[in-house]
Amino acid sequence: MLYKYLQSRIDHKGLQIPKKKQAQFLKRLSSLLQEGYTFYASLIMLLPHHVKKSKEAQDIMSIQMKNGDGVTSVLQSLGIPRSYLLSIQMAEAHGKLHQALLVLHAHVAMVERAKASLKKVVMYPLFLFTMLAGLFVAFRTYFLPNMKILASSRQGTTSNDTMNVASALLHLPDALLIMCFLFVLVTITFRWNIRKYSFEEQVMKLQKVPLLSKWMKLYWTKTFSQELGTLLASGLSLQLALNVLRQQNFQAYLQVISENIYSSVLIGESLKQAVEISECFIDDFPTYISHGESSGHLAKELLIYSDLLNEQTEASLTKSLSFIQPILFGILAICILAAYLSILLPVYGMIDFI
């Protein structure tokens, strides 16, 4: 059963675009659409270069197109994550598909750069820590027992205390691994617990988590301004655009937030007032909305603001990643110091009895 499941997963992956190629695929697809190619013709050109089993993928795509499936469904079947497809669905319904694909390409590329940076930052310290942990295990297994035998033969209290200190130092990697395990366990437990609530309650709870709330508000603000700006630029009124956002089913959090904004706008409040009441957005968002409403270019202001937030998000991720490597190397330095002390302390303890 496990073999069949794994084989089906592998076969299914062969029909999809690998994550590392998705940003490149979206950019090329946008370029082809802008040059006048149809969506079907663009995919026929691109799939052989991005999908392993391109012939089978083309057959599936042809069946989908014949059945009346739209761009969103086809891209989802090709492996584009569902959470990325809201802007595509909006553009498919209201135009400017190539622009939506270009914006999506920028977001996917930013995520991939962040993952690559994190991998680059973590892999070397992780390799060193693994080697060092193996060295600690070897010391505990072979070196320390022999030193304890020698210390017991000397019958020295100071020597025994030194051995106990050395033994404690050699268990430092165990403590670090336990801390990492507890962190992962707390994260999994938090995700499992919060999913028991409705999305409305999840939004309220996420706003109260100290560090996570900052990132969630930044993400919600960026997504809301981008999607609302796109809909307004396509000619929809504010109420109709908010109604579209609250009825979509690709991003549940955005659906909840848009529902609250829509309710406030219906009772006569301005978009700025509705955003201030919501408390789901970053502090300066109402200021940009107020400027856009007063100038009459709200859609353009929202799209410009979403681009600024994209840059801010990438800069924040880069800054956060820059702190990870020094912290990891600091932990490695402590482990190396503990390794030296665990070797030297027993030796110096034995010297007193020579």
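Preceding block: the structure.
Remember, predicted model here, so these are calculated numbers, not experimental data.

K.L.:
I would appreciate a short explanation of the nonpolar core in the present structure.
P.N.:
For soluble globular proteins, the rule of thumb is that nonpolar side chains tend to be buried together. Ranked by internal contacts, the top residues of the largest apolar core, which has 66 residues, are Leu 75 and Ile 261. With seven residues, helix α11 (residues 210-233) is the single largest residue contributor to this core. Setting aside anything within four residues of it in sequence, one finds Leu 75 in contact with Phe 25, Leu 29, Phe 39, Ile 80, Leu 85, Ile 88 and Leu 101. In terms of nonpolar packing, the next biggest core, distinct from the first, is built from 12 residues, Phe 136, Ala 166, Ala 338 and Ala 339 among them.

K.L.:
What am I meant to see in the packing of aromatic side chains here?
P.N.:
Two aromatic rings, taken as a pair, are described by how far apart their centres are and by the angle between their planes. Counted according to the given criterion, the structure contains seven aromatic pairs. Aromatic pair Phe 224 and Phe 285: ring centres 6.3 Å apart, planes at 90 degrees, arrangement edge-to-face. One end of the pair, Phe 224, is in helix α11; the other, Phe 285, is in helix α15 (residues 285-295), with 61 residues separating them in the sequence. Between Phe 285 and Tyr 305, the aromatic rings sit 5.3 Å apart at their centres with planes inclined by 10 degrees, giving stacked as the arrangement. Taken together, the residues span a long stretch of sequence, with Phe 285 in helix α15 and Tyr 305 in helix α16 (residues 298-351) at a distance of 20 residues. Comparing Phe 285 with Tyr 305, the two get one shared label, buried. Among the aromatic residues, those joined into a ring-pair cluster are Phe 224, Phe 281, Phe 285, Tyr 288 and Tyr 305. Directly above the aromatic system of Phe 250 lies the positively charged group of Arg 82, at a separation of 4.6 Å from the ring centroid.

Conventions we followed
Residues numbered from 1 in each chain as written. Predicted model: local features only at pLDDT ≥ 70, side-chain atom pairs only at ≥ 80, totals over all residues. Heavy atoms only, no water. Core = buried A, V, L, I, M, F, W, Y, C linked by side-chain atoms within 4.5 Å. Buried < 20%, exposed > 50% of the residue type's maximum accessible area, 1.4 Å probe, protein only. Helix = DSSP H or I, 4+ residues; strand = E, 2+ residues; numbered from the N terminus. Contact = heavy atoms within 4.5 Å. Phe/Tyr/Trp six-rings, centres within 6.5 Å; stacked < 30°, edge-to-face > 60°. Lys NZ or Arg CZ within 6 Å of the ring centre and 35° of its normal.

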